[in-house]
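# Commentary on secondary and tertiary structure
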Amino acid sequence: MVSHIGSNDPNMNWLTTSLKTFDERYPGVKTEYLSTNEYSLQNFITILNQAIATHPDGIAVPILNSEALQPILDKAIQDGIPVVAFNISDPRPADQRIHYLTYVGGDEHLTGLKLGEYVIEQVNAGKIPKPTRVLCANHDATHQGLKARFAGMQEAMKKIDVPVEDLIIGADPAGARSIMQSYLSTHKDVNYIFCLGTLSVPWAYSVADEMGLHPKLSDKGLTIVGVDDSPNSLEGIKDGKVLASHSQGFWLQGYLPMEFLYFYKKMGMAPLDDIITGPIVINQSNIDLWIKIVKGIIGEEAYKKQITW
Amino acid sequence: MQIVPDSDHVPGSKPLISVKDVCLSYGNFRALTDISVDFYAGELVGLVGDNGAGKTTLIRILSGIIPPDSGEVYFDGRRITRFYPKLAIALGVESIQQAIGLCDNLSVARNYFLGREPVRQFFGIRILDKKSMRDASAKVIRDFGLRDSIDVEDDISLLSGGEKQTFKIARAVSFRNRVIIMDEPTNHLSVRERGRVNELAVQLKQQGLLVIYITHDIFQIHRIADRIVILENGRKVADVSKIAMSAEGLEEIIRQGGRSPTSGPAES
Amino acid sequence: MHRFLRRPDVGILIGCICIFILFSLWNPGQWFNWYTFISISRYTAILGLLAIGQTFVILVREIDLSVGSVYGAVGVAFIGLEQQLSVPLSFLLAMIFAIMVGLLNATIVIGGRLPSMIVTLGGLFFYRGLIYVSTHGAVRGPPQAARQDWFAQLIGGHWFRVENGFLWMLLLAGICGAILYQTPFGNHLFASGGDPASAESQGIPVNRVRTWAFILCSVFAGLSAVVTLTKDPQTNVSLGTGFELESIAAVVIGGTLLAGGRGTVLGTVLGSFFFTAVRSEMIAFGAPPSWYTSFVGIALLLVVTVNTLLSKRLRSN
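Keep in mind that what you see is a predicted model, and the values were worked out from it rather than measured. (Residues numbered from 1 in each chain as written. Chains lettered and ligands numbered in written order. Predicted model: local features only at pLDDT ≥ 70, side-chain atom pairs only at ≥ 80, totals over all residues.)

### Concerning the overall build of chain A
Note the following rule: Going along the chain from the N terminus, every DSSP run of H or I of four or more residues is numbered as a helix, and every run of E of two or more is numbered as a strand. This radius of gyration counts C-alpha atoms alone. The globule rule is 2.2 Å times how many residues there are, raised to the power 0.38. As a rule, residues whose C-beta atom has 12 or fewer other C-beta atoms within 10 Å are exposed, those with 20 or more are buried, and those in between are partly exposed; C-beta atoms are placed from the backbone. Remark: residues whose backbone-derived C-beta atoms lie within 7 Å of one another are considered to be in contact.
Scanning chain A for helices and strands turns up 11 helices and 12 strands. In terms of C-alpha radius of gyration, chain A reaches 20 Å, essentially the compact-globule figure of 19 Å for 309 residues. Overall size of chain A, expressed as C-alpha extent along the three principal axes, is 60 × 40 × 35 Å. The buried share of chain A, reckoned over its 309 residues, is 53%. Taking all contacts inside chain A whose residues are at least 6 apart in sequence as the whole, residues at least 24 apart take part in 72%.

Next comes the structure, spelled out in structure tokens:
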């Protein structure tokens, strides 16, 4: 598995844990996890080429950039190395896209859309204020997945005629807070912040809190929507600070590609269509269940370690 | 190349600075080879030689700027094992170097006291005594005749080349201790100013200091020096007292080295 | 008067007055707002502390590209230590770590005779990697007790609604300005940056001065991180990404020459304010973030040009 999710991203634990489970269940097969530490296409291509050079029985890879990876992966497939895409797919139609066996992962556009739809559903139930303007806090301007989430949210909000805006806040907490504060000071009609990454959820909350915008969940004030089934987002929901988050089934994204590659190698069979593992909306109603699931997979200690609130 | 016998000194007096078999190379280039010279207090020694002879290199060693690769240097009979400028200054060596010595980004006053800033106590903390810096440096530059429009708080970059040179000399002289080394001190100076510098050098010697004077001008140095040391290609080729040889004779020695002496300022 | 105009920070002083007037006229409601002041002063403090440290290094003709990662590493260390130890002790140990980093930078640059740009660039990657590896990608928030602790409040709390971090930055800026302009060490530092050979010849221990500059730089990076985290403890492994360039921009906009030997701490503080205020207002008025980035580049060029022209004109007088 060659991935862009490295030791800088707690989501890596999902993938490495699931690979380990696969190793235990399939003792004859060895899995290896290679990753970069940042969204650097160059570095990613370098380690991908290194991985292909070792001629493995199969490769699982996120399609960070379809054009750049196409020549590399199609050649590997021609040389007899089957490829399964995970986490990020090739968005082009089947005849143009990279000839991977299948894609296992979430759909980022759906993520934004489903979360937006959940907001509307709750608004109609009178639980939360009606959105007047939604701010999408984007911590990485180059990440295609985040852009897709933003587009999904935009599509959902269009149904109730609410404008959605994208703001690049950057990855540093102090800079992100400063930028959000500046933005909120003049865009007073923003009452929803959709954090495109889980890391910015506590930052958005504390900025809104400090400015007196009442981000705690209620039927007035500002509302925060997060992403990912990380302990950070989950605890935010539990504490009534975050409306909802989602799970993209990360564990499945590590485990299933390995299984599909194994089955293909052994029996020549592979799924016909993509396997969409998410989004599943996490909210007040299923939060306890999700906390239990996540703690069950990564353990209580690791769970606590990821809470920055 | 003629080797001329060492000059004779007052027997019994010990050299202030003694250099024995000193060698130094810059990479592959041998700058100094087996240099042995003695310098005594109360004399004015001229250090001459053509470009690249090693004069500046030798005084850099004596000023503590670079250490020799091999050989020994003694100051007041004590062997010097570590070479750094602060030690040389502490031992009483003041120098006027070519090209270095003043920082263009600092004021006249700060340059004057560079490395030995006067301090006063401010609630237990040692801070610059700016008043005494101003007063002392202002007095000195007036004494040395630098133009009135210069204020000691001005950047030293406002001074002309000649004024900077005069300033360097003023600084070395006013902090004088036991040795004054001058590397081409008359650079950038007018004829009258040159005359004054030479008078000054003689006065300092008469006050009991050792004055080491590097120059290209044989005739000038022959007039004021007690002794002349000639370096050629990193070696000492002559060490004579002024009476023992005429200026023409010295010039001849240098010329016989295969190159004719040039006049005017240049790197050694 | 002439000497005042020759100050390296005259350019940024004019620049700051201009933008202050500009923003006051453009939208006084938003500009003269307490939250705006808090937000700008907070970030100015964080960037300012980082940039003050960088000023020392740039004054001696070196550069420190690792400050962003050191800021992050010390910050993460501070929070990590707070899980087990008292806040003052965590702070002390975190600062010792910062000192060690500065010392290491200096040793490699001076001992190895290597360009500081390369060495500290290595540091940038090394310390960022150290953060990732030691935290496995997740930074735990400090315990509630640590956040309420008197020491944490001393650094991260407020004093009559003004944030302590901002006040600390102003205090330290004043002290550093005094160190630079009123002490022998300051004179040595300027000499070491302006003309190291001449400084050396006058007995100044140039390498020791450079070492102190690197140490001060890392320590200030660490201080900035502690100020940030005592106020806002929710952080991430990305803490400090990109800060190295921001700190250099603030220093250079503030009038300090990259060639060394000239600069003021006031200029650096004003440069940090300029950077922060311009970004803040550009975003408030809806400019796309890319505009702001380009604007900083233009501002950098403008201020440097103004500074150079001013000093050239005054020199020829």
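Once the structure has been displayed, the description carries forward.
### What to know about the arrangement of the chains
No other pair among the 2 pairs of chains in contact exceeds the contact count of chains A and C. Between chain A and chain B there is no contact, and the shortest C-alpha to C-alpha distance separating them is 35 Å.

### Digging into the domain arrangement of chain B
Put simply, the rule reads: Throughout the structure description, domain borders are defined by an automatic or database domain assignment.
As far as domains go, chain B holds domain 1 (1–92 + 177–268) and domain 2 (105–163). On a C-alpha basis, the centres of domain 1 of chain B and domain 2 of chain B stand 30 Å from each other.

### Here's the deal with the environment of I175 of chain C
Residue and element names in this part refer to chain C. Examined against the element boundaries, I175 turns out to sit in helix α10 (residues 164–182). You can call I175 exposed: it has 12 C-beta atoms within 10 Å. Note: C-alpha distance between I175 and V296 (121 residues apart in sequence) is 28 Å.

### Focus: the interface of chain C and chain A
Facing 32 residues of chain C, the contacting portion of chain A comprises 31 residues. In terms of residue count, helix α4 (residues 34–59) of chain C provides more of the side of chain C that touches chain A than any other element does, 5 residues in total.

### Examining the pairing of strand β8 (residues 192–195) of chain A
Residue and element names in this part refer to chain A. To keep things clear, this is the line we draw: When DSSP finds two or more bridges between a pair of strands, those strands are recorded as paired.
By the alternation rule, side chains of β8 split into Y192 and F194 and I193 and C195, which are all buried. Pairing of β8 with strand β9 (residues 223–225), which is carried by 3 bridges, proceeds in the parallel orientation. For F194, the partnering residue across the bridge sits in β9 and is V225.

### Notes on the sheet that holds strand β3 (residues 44–48) of chain B
All names here are of chain B. Basically, it comes down to this: Axis definition: a line fit to C-alpha positions, over the contact stretch in the case of helices; interaxial angles, taken between N-to-C directions, run 0 to 180 degrees.
The sheet built from 6 strands is open, its strands ordered β6-β9-β10-β3-β11-β12 with mixed pairing. Pairing within the sheet leaves two strands with one partner each, and these edge strands are β6 (93–96) and β12 (235–241). The mean inter-strand angle of the sheet, taken between neighbouring strand axes irrespective of direction, is 15°. As judged from the 4 bridges shared by β6 and strand β9 (residues 179–183), these two strands associate in the parallel manner. Counted as the bridge partner of V93 is V179 from β9. Strands β3, β6, β9, β10 (210–214) and β11 (227–232) of the sheet are contacted by helix α1 (residues 55–62), whose axis makes an angle of about 150° with β9.

### Quick word on the nonpolar core
Defined as follows: Among buried residues, those of type Ala, Val, Leu, Ile, Met, Phe, Trp, Tyr and Cys that are joined through C-beta atoms within 7 Å form a set called a nonpolar core.
By size, the foremost hydrophobic cluster in this structure holds 160 residues, and its most contacted members are Y213 of chain B together with L49, L50, V74, F78, A213 and A221 of chain C. A total of 16 residues in this core trace back to one element, the largest contributor, which is helix α13 (residues 206–231) of chain C. A domain-level breakdown of this core finds at least three residues from each of domain 1 (1–92 + 177–268) and domain 2 (105–163) of chain B. Excluding residues within four positions of it along the chain, A213 of chain C makes contact with F56, V57, V60, E62 and L189 of chain C. Membership of the second largest hydrophobic core comes to 49 residues, among which are L217, V227, L243 and A244 of chain A.

### Topic: the domain arrangement of chain A
Residues and elements named next belong to chain A. When its domains are assigned, chain A resolves into domain 1 (2–100 + 248–278) and domain 2 (109–235). Taking only C-alpha atoms, the centre of domain 1 and the centre of domain 2 are 30 Å apart. At the junction of the two partners, domain 1 supplies 5 residues and domain 2 supplies 7 residues.

### Things to note about the interface of chain B and chain C
Condition: Under the scheme applied here, ten amino acids are nonpolar (Ala, Val, Leu, Ile, Met, Phe, Trp, Tyr, Cys and Pro), four are charged (Asp, Glu, Lys and Arg), and all others, including Gly, are polar.
Every contact between the two is made by 22 residues of chain B and, on the other side, 20 residues of chain C. Among the elements of the structure, α2 (85–91) and β8 (125–128) of chain B are those that each provide at least two residues to the side of chain B that touches chain C. Tallying contributions element by element places α2 of chain B first for the side of chain B that touches chain C, with 3 residues. Taken together, the residues of the side of chain B that touches chain C break down into 11 nonpolar, 6 polar and 5 charged.

### Some details on the packing of helix α11 (residues 184–194) of chain C against α13 of chain C
Helix packing for two helices is described by the angle between their axes and how far apart those axes are. All names here are of chain C. Formally: Should an angle fall under 35 degrees it is called roughly parallel, over 145 degrees roughly antiparallel, and 65 to 115 degrees roughly perpendicular, with every other angle called oblique.
Put simply, α11 and α13 touch, their axes get as near as 9 Å, and they point 105° apart. Comparing the axis directions of α11 and α13 gives the class roughly perpendicular. Touching H188, L189 and S192 of α11 are V206, V209, R210 and A213, all from α13. Partitioned by chemical class, the residues of the contact of α11 with α13 number 4 nonpolar, 2 polar and 1 charged.

### Looking at the packing of helix α6 (residues 87–111) of chain C against helix α7 (residues 116–135) of chain C
Residues and elements named next belong to chain C. For the record, the criterion: Crossing handedness is defined as follows: a turn of the near helix away from the far one that is anticlockwise and smaller than a right angle gives a left-handed crossing, while the clockwise case is right-handed.
Between α6 and α7, the shortest axis-to-axis distance is 9 Å and the interhelical angle comes to 145°. Crossing of α6 against α7: the hand is right-handed. Side by side, α6 and α7 meet where N105, I108 and V109 of the first sit next to S116, V119, T120 and G123 of the second. Of the residues contributing to the contact of α6 with α7, the split by class is 3 nonpolar, 4 polar and no charged.

### Structural notes on unusual backbone geometry
Residue P279 of chain A is reached from G278 of chain A by a cis peptide bond, and omega for that bond is 15°. When you line up the elements, P279 of chain A lands in the loop between β11 (275–278) and β12 (280–283). Positive phi outside glycine occurs at H188 of chain B, with the angle close to 65°. Structurally, the position occupied by H188 of chain B is in the loop between β9 and α6 (191–206). The backbone of R61 of chain C shows a phi angle near 70°, a positive value even though the residue is not glycine. The residue R61 of chain C is located in the loop between α4 and α5 (67–82) in this model.

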